[in-house]
Amino acid sequence: MGTDDLAYTTEKDVRQLLNFLTGATVAVAAGGAAYPALRYFVPPQEGDGSGTIVAKDQLGNPIPAQQILSEPPGTRALIAGLAGEPTYLTVDADGSLNSMAIVDNCTHLGCTFPWNASAGQFQCPCHGSRYNEQGNVLRGPANRPLKIAHVEVKGDRIWLSPWTETDPRTGERPWWV
Ligand code: FES
């Protein structure tokens, strides 16, 4: 029992998290209530007044940065982000964590969805919207890019903070601000 608990805190934890969240979101998305259902699994966030939080798993435990950074470049890790929103972190080609997190919440009607690695797209199963790896719309009915958040690694913690300045993908003010 104790050994199993320890093992569960390793890299396996992240994989299981990904499987869990991905499976759960797709299953529930079909019922049209993915977002509230996911939030149910995420305990209230910690906050310091600035909206910055530590990235956590579905149990509300902080995810050690090394768990995700030890994954191969190109990995998309789905974590519990700001306000409990399922959020993708990306391991870059140089092995660092991309400073832009992408919120897994379709801008059409709010479904969540898995990253399709072979297509290199986020593909929403609800009404077929597609987004590129940065969250820009490739195909509707969604007509706004996926929300983004800042990512910063400090020590072994991953911090997320709200993105309120210009959206670098559009050069415009973010639609969610
Ligand atoms: S909710 Fe994603 S396409 Fe409709």
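Just above sits the structure.
Since we're looking at a predicted model, the values are computed, not measured.

Overview of the state of the cysteines
Moving on, step 1. For the coordinates displayed, the defined rule picks out 1 disulfide.
Moving on, step 2. Between the sulfur of Cys 111 and that of Cys 126 lies a disulfide, 2.0 Å long from S to S. One quick way to see it: the torsion about the S-S bond of Cys 111 and Cys 126 is about -95°, and its sign makes the bridge left-handed. Taken together, the positions of Cys 111 in the loop between strand S4 (100–103) and strand S5 (115–116) and Cys 126 in the loop between strand S6 (121–123) and strand S7 (130–131) put the pair 15 residues apart, joining distant regions of the chain.

Focus: the environment of Trp 175
Moving on, step 1. Structurally, Trp 175 is set in the segment after strand S10 (157–162).
Moving on, step 2. Trp 175 sits 30 residues away from Pro 145 along the chain, and the two C-alpha atoms are 8.7 Å apart.
Moving on, step 3. Those residues in contact with Trp 175 that lie beyond four places of it in its chain are Thr 107, Arg 144, Pro 145 and Lys 147.
Moving on, step 4. Polar contacts involving the side chain of Trp 175 include one to the main-chain carbonyl oxygen of Pro 145, which spans 2.8 Å.

Quick word on the packing of aromatic side chains
Moving on, step 1. Across all of its chains, the model carries 5 aromatic pairs by this definition.
Moving on, step 2. An angle of 50° between the planes, with centres 5.1 Å apart, marks the rings of Tyr 88 and Phe 122 as tilted. In this pair, Tyr 88 is assigned in strand S3 (residues 86–90) and Phe 122 in strand S6, connecting sequence segments 34 residues apart. Across the pair, exposure class does not vary: Tyr 88 and Phe 122 are buried alike.
Moving on, step 3. Note on Phe 113 and Phe 122: the rings are 6.2 Å apart at their centroids and 55° apart in plane angle, and the pair reads as tilted. Residues Phe 113 and Phe 122 agree in their burial class; the two are buried.
Moving on, step 4. Every member of this aromatic cluster is reached through a ring pair, and the members are Tyr 88, Phe 113, Trp 115, Phe 122 and Tyr 131.
Moving on, step 5. If you follow Arg 76 out to its NZ or CZ, it ends over the ring of Trp 115, 3.9 Å from the centre.
Moving on, step 6. Just above the ring of Trp 159 sits the side chain of Lys 154; from NZ or CZ to the centre is 5.8 Å.

Definitions and limits used
- Residues numbered from 1 in each chain as written.
- Predicted model: local features only at pLDDT ≥ 70, side-chain atom pairs only at ≥ 80, totals over all residues.
- Heavy atoms only, no water.
- Disulfide = S-S within 2.5 Å.
- Helix = DSSP H or I, 4+ residues; strand = E, 2+ residues; numbered from the N terminus.
- Contact = heavy atoms within 4.5 Å.
- Polar contact = N/O pair within 3.5 Å; in protein donor to acceptor, adjacent residues only side chain to side chain.
- Phe/Tyr/Trp six-rings, centres within 6.5 Å; stacked < 30°, edge-to-face > 60°.
- Buried < 20%, exposed > 50% of the residue type's maximum accessible area, 1.4 Å probe, protein only.
- Lys NZ or Arg CZ within 6 Å of the ring centre and 35° of its normal.

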